[in-house]
Amino acid sequence: MKKNAGYVWLIPVWVLVFFMTGYCGMGICFAYSRSDYQQFQNAIIDHRNRLNKKFKKIRRPETRYVIVHTSELGLSSTLRVVSKGKQFKSGHSTPGGHAHYVIARNGRTYRILDKQYRADHAGLSMWQGKQDISAVSIGIELVGYHSAPLTDQQYRSAAMLIDILQRVYNLDDTAVLTHSQIAFGRPNPWFPKDHRGRKRCAKNFDRARAGLGPTLGFDPDVRNGRLLPDPYLADLFYGEQPVAAQVAATAPVSNRISKNNSAWAIAGGDYDSRTTVYVLPGDRTLRGDQINETIGWHLLPVNTKVLLDQEIEKKQVQVFQTPVKVITDRMTAWSHAGPAYRFDSTIYFLPSGRIFTGSRIPDWDDLPKKTRLIVGYQGPFHITDAVTPYGIAGQKYKDPGTVYYLPPGHVRTGDSITDFSNLPKGTQVYLPLDDIG
Ligand SMILES: [Zn+2]
C-alpha cells in the first residue's frame with residue numbers, strides 16, 4: 001500500500017471543488033464536502049412509521065417551494081404533533097402529517113413523511129396568487145421559536161437538506177420561503193381585508209446561515225393588491241435595510257403591549273387563541289379567547305404581558321402566580337423564561353435533585369420534564385442553626401415570592417410552609433432579584 005501513499009494529491013483541485021458546495025454565513029464561507037452530504041443523508045432518522053394511521057397520503061403533482069417553520073415546541077412534542085396531529089380542547093383533532101422533515105436543536109434530522117406526498121403544514125397561505133401552498137411545497141420544521149435563536153447545528157442540517165431538495169425539484173433560492181412569508185389571515189380587528197402576518201413562524205430564519213441567497217425583494221401578493229401588508233413583517237423581509245431587519249428578527253421582541261406594540265404585533269394570528277395568555281397590570285390573567293368579551297382588543301392596558309403557547313390548565317391562575325414554573329410537554333424553559341433561560345438568575349431544580357443555574361444549561365430543549373425553575377432569583381442562601389429564614393429574608397420569609405429548596409427535592413414558596421422551626425437540614429432559600437438592593 002505504501003506506493004499509493006501520495007496518490008490522493010494527484011487529484012486536481014478542481015475535482016475537489018466540484019464536489020463541494022459553498023456556504024457563506026456571518027462573513028465566513030464554509031463548504032460541505034460530498035462526505036458531509038452522505039453522512040447527513042445516512043443519519044436522517046426515519047419516523048415515517050409513526051405517522052397517524054388516519055393520515056391520507058396524497059401525491060403532490062408539483063413542487064414549487066420549500067417552506068421553513070419554527071415548531072414553537074420542544075423536540076418530543078414537535079415530533080408527536082407533526083406525526084400524530086394536533087389535539088384541540090374542543091375535541092377536534094388533525095390526522096398528522098404536518099411536515100416532511102423535523103430538524104432538532106442538535107441538528108438531528110427526522111423524516112416524517114415521504115417527500116412525494118402532500119403535508120399539511122402551511123394552512124391558509126398564498127404566494128404569487130396561488131393559494132394552498134401545502135399542495136405545492138415541502139415543509140421543514142425547525143425545533144425552536146420564532147423569537148429565539150436557532151442553533152448552528154440546525155443551520156448546518158438545514159443547509160444540506162434544502163440544497164438536496166433544491167436539486168431534486170430544480171428550485172432556486174427564491175423558492176425557499178418561511179411560513180411567515182406565505183401565510184395570510186382573514187379580516188380581524190387590525191385589518192379590514194385579507195392580509196399577511198397571520199404567522200410569525202420562522203421569521204428569525206437567517207437565510208445566509210443556511211447557505212441561501214436573498215428572497216424576492218417584495219411580497220408579490222401585497223404588490224398585486226391581493227393582500228394587505230403586515231407592517232412588521234414587510235419591514236423585516238422587504239425593508240430598506242435587510243441587515244438591520246435581520247438583527248431585529250433575532251432580537252427578542254418585547255412581549256408587553258404598548259402604543260406601538262399591539263397584541264397583533266406580538267402574537268400574530270394567535271392573538272385570540274386560548275393558549276395565548278394576557279397578564280394585565282395587577283396580575284389579572286385572561287386567555288386570548290376571553291379578551292373580546294371582557295376588555296376588547298383596543299382597550300388592553302399598556303404593559304399587559306403577552307405569553308404565547310401557554311399550557312392552559314384548570315389551575316391557570318395559580319400557575320401564573322407561583323414563581324415556581326414546571327417544564328412539561330408543552331412548556332419548555334424558553335416558554336417560561338425566554339432569553340433568561342440561560343441567565344444565572346434562573347435556577348433549575350432537576351427531578352434528579354440536582355440544581356443548576358442557567359449558564360450551565362446547554363439549551364432550553366435539553367431539560368427533562370418535571371424540572372422546576374425560578375426566573376429572576378438570587379441564591380442559594382443556606383439555613384443553618386445560626387441563620388434562620390427571617391435572618392435571610394426578613395419579613396418576607398413567608399411570602400409567596402420567597403422560594404425554599406427542601407431536601408430531598410421539594411421546592412416550595414414561603415406561603416406554603418407552615419412550620420419554619422422544623423425545616424430539613426440543608427434547606428436553601430432563593431430571593432427575587434427585585435427585592436435585593
Ligand atoms: Zn409554521
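From a predicted model like this one, the values you see are computed outputs, not experimental measurements.

### Description of the confidence of the model for the protein
- For the protein, per-residue confidence averages 89 on the pLDDT scale, and residues scoring 70 or more make up 88% of the total.
- Contacts of residues 1-9 to residues separated by more than four positions or lying in other chains number 0 contacts, the stretch itself having pLDDT below 50.

### A word on the sheet that holds strand β22 (residues 410-413)
- One open sheet holds the 4 strands; their spatial order is β20-β23-β21-β22, and the pairing between them is antiparallel. The open sheet is flanked by β20 (377-382) and β22, the only strands paired with a single partner. Ignoring strand direction, the axes of neighbouring strands in this sheet form an average angle of 25°.
- With 4 bridges joining them, strand β21 (residues 403-406) and β22 adopt antiparallel strand pairing. Its bridge partner lying in β22, Tyr-404 is registered against Arg-412.

### Topic: the coordination of the zinc ion
- Distances from the zinc ion to its protein donors, namely His-69 (ND1), His-179 (ND1) and Cys-201 (SG), fall within the range 2.1 to 2.3 Å.
- Each donor residue of the zinc ion belongs to the same chain, and together they define the spacing H-x109-H-x21-C. Of this pair, His-69 sits in strand β4 (residues 65-70) while Cys-201 sits in the loop between β12 (195-196) and α6 (220-223), and the two are 132 residues apart along the sequence. Accessibility classification places His-69 together with Cys-201 in one group, the buried group.

### What to know about the nonpolar core
- With 39 residues, the main nonpolar core has Tyr-65, Val-66, Ile-133, Ile-140, Leu-142, Ile-162 and Phe-205 as its most contacted residues.
- Looking at this core, the elements that each hand over two or more residues are α2 (34-42), β4, β5 (101-103), β9 (137-142), α4 (152-169), β10 (176-178) and α7 (231-238).
- Here the element with the most residues in this core is α4; it accounts for 8 residues.
- Dropping the residues within four chain positions of it, Ile-140 is found in contact with Val-66, Ile-67, Val-68, His-69, Tyr-101, Ile-103, Leu-161, Ile-162 and Leu-165.
- The next biggest cluster of nonpolar side chains, apart from the first, holds 29 residues, and it includes Val-82, Tyr-110, Leu-367 and Leu-373.

### Examining α7
- Buried residues of α7: Leu-233, Leu-236, Phe-237 and Tyr-238, and no others. Looking down the long axis of α7, one finds its buried residues gathered within 155° of arc, a one-sided arrangement.

### Thoughts on the pattern of salt bridges
- One pass over the structure, following the stated rule, counts 18 salt bridges.
- Its salt-bridge partner being Asp-329, residue Arg-80 comes within 2.6 Å of it at the nearest N-O pair. Highlighted residues: Arg-80 in helix α3 (residues 75-84) and Asp-329 in the loop between β16 (325-326) and α12 (333-337), separated in sequence by 249 residues.
- Two residues, Asp-219 and Arg-196, come together in a salt bridge whose shortest N-O distance is 2.7 Å. With Asp-219 in the loop between β12 and α6 and Arg-196 in strand β12, this pair connects stretches of sequence that are 23 residues apart.

### Here we look at the sheet that holds strand β3 (residues 45-46)
- Strand order in the open sheet formed by 6 strands is β3-β6-β5-β9-β4-β10, and the pairing between neighbours is mixed. The two strands at the open ends of the sheet, each matched to only one other strand, are β3 and β10.
- Direction of pairing for β4 relative to β10: parallel, over a ladder of 3 bridges. Each residue of the ladder has a partner; that of Val-68, found in β10, is Thr-178.
- In the packing of α4 onto the sheet, contacts are made with β4, β5, β6 (109-111), β9 and β10, and the angle to β9 comes to roughly 175°.

### Describing the layout of surface pockets
- Size it by volume and the second largest pocket reaches roughly 1,500 Å³.
- Around the second largest pocket sit 45 residues that line it, and Lys-86, Phe-88, Lys-199, Asp-309 and Arg-330 are the ones nearest its centre.
- Contributing elements (two or more residues each) for the lining of the second largest pocket: β4 and α3.

### Describing the pairing of β21
- Burial of β21 is two-sided: the residues Val-403 and Tyr-405 facing one way and the residues Tyr-404 and Leu-406 facing the other way are all buried.
- Counted between consecutive antiparallel strands, the loop separating β21 from β22 contains 3 residues, among which Gly-409 sits at a positive phi close to 100°.
- The sheet contact formed by β21 and strand β23 (residues 428-432) spans 3 bridges and is antiparallel. Bridging across to β23, Tyr-404 finds its partner in Val-429.

### A look at α4
- With 18 residues, α4 should cover 26 Å at 1.5 Å per step; its first-to-last C-alpha distance of 26 Å lies within 8% of that length.
- Gln-154, Tyr-155, Ser-157, Ala-158, Ala-159, Met-160, Leu-161, Ile-162, Asp-163, Ile-164, Leu-165 and Gln-166 are the residues of α4 that are buried.
- Looking at the residues trailing α4, positive phi occurs at Asn-170, about 55°.

Cut-offs and rules
Every chain is numbered on its own, with residues counted from 1 as its sequence reads. Residue-level local features of this predicted model are given only where pLDDT is at least 70; pairs of side-chain atoms are given and counted only at 80 or more, and the full residue set underlies all totals for whole chains, interfaces and linings. Side-chain calculation: all heavy atoms of the structure are included, whereas hydrogens and water are not. On a range of 0 to 100, pLDDT expresses the predictor's confidence in each residue. What makes two residues a contact is simply this: any of their non-hydrogen atoms within 4.5 Å. One bridge is not enough; two strands pair if DSSP finds at least two bridges between them. The helix and strand labels rest on DSSP assignments: H or I over at least four residues marks a helix, E over at least two residues marks a strand, and numbering proceeds from the N terminus. An axis is simply a line fitted to the C-alpha atoms; with a helix, the fit covers only the stretch in contact. Between two such axes, the angle follows the N-to-C directions and lies from 0 to 180 degrees. Distances up to 2.8 Å from the metal define which N, O and S atoms are donors, and 3.2 Å serves for Na, K and Ca; water is absent from the atom set, so sites may look incomplete. The buried label applies to any residue whose accessible area, calculated with a 1.4 Å probe on protein chains only, is under 20% of its type's maximum; exposed applies above 50%, and partly exposed to all values in between. The definition of a nonpolar core used throughout is a set of buried Ala, Val, Leu, Ile, Met, Phe, Trp, Tyr and Cys residues joined through side-chain atoms within 4.5 Å. Relevant arc is that of directions from the helix axis to the C-beta atoms, nothing else. Throughout this description, the term salt bridge denotes a Lys or Arg side-chain nitrogen within 4 Å of a carboxyl oxygen of Asp or Glu. Buried and open spaces are told apart on a 1 Å grid over the protein atoms alone, a cavity being a set of points where a 1.4 Å probe fits but cannot get out and a pocket being an open set with protein on both sides within 12 Å along at least five of seven lines. Residues with an atom within 4 Å of a point are the lining residues. Grid points are joined across faces, edges and corners, and a volume is the space filled by probe spheres set on the points. Expected span of a helix: the number of residues minus one, times 1.5 Å.

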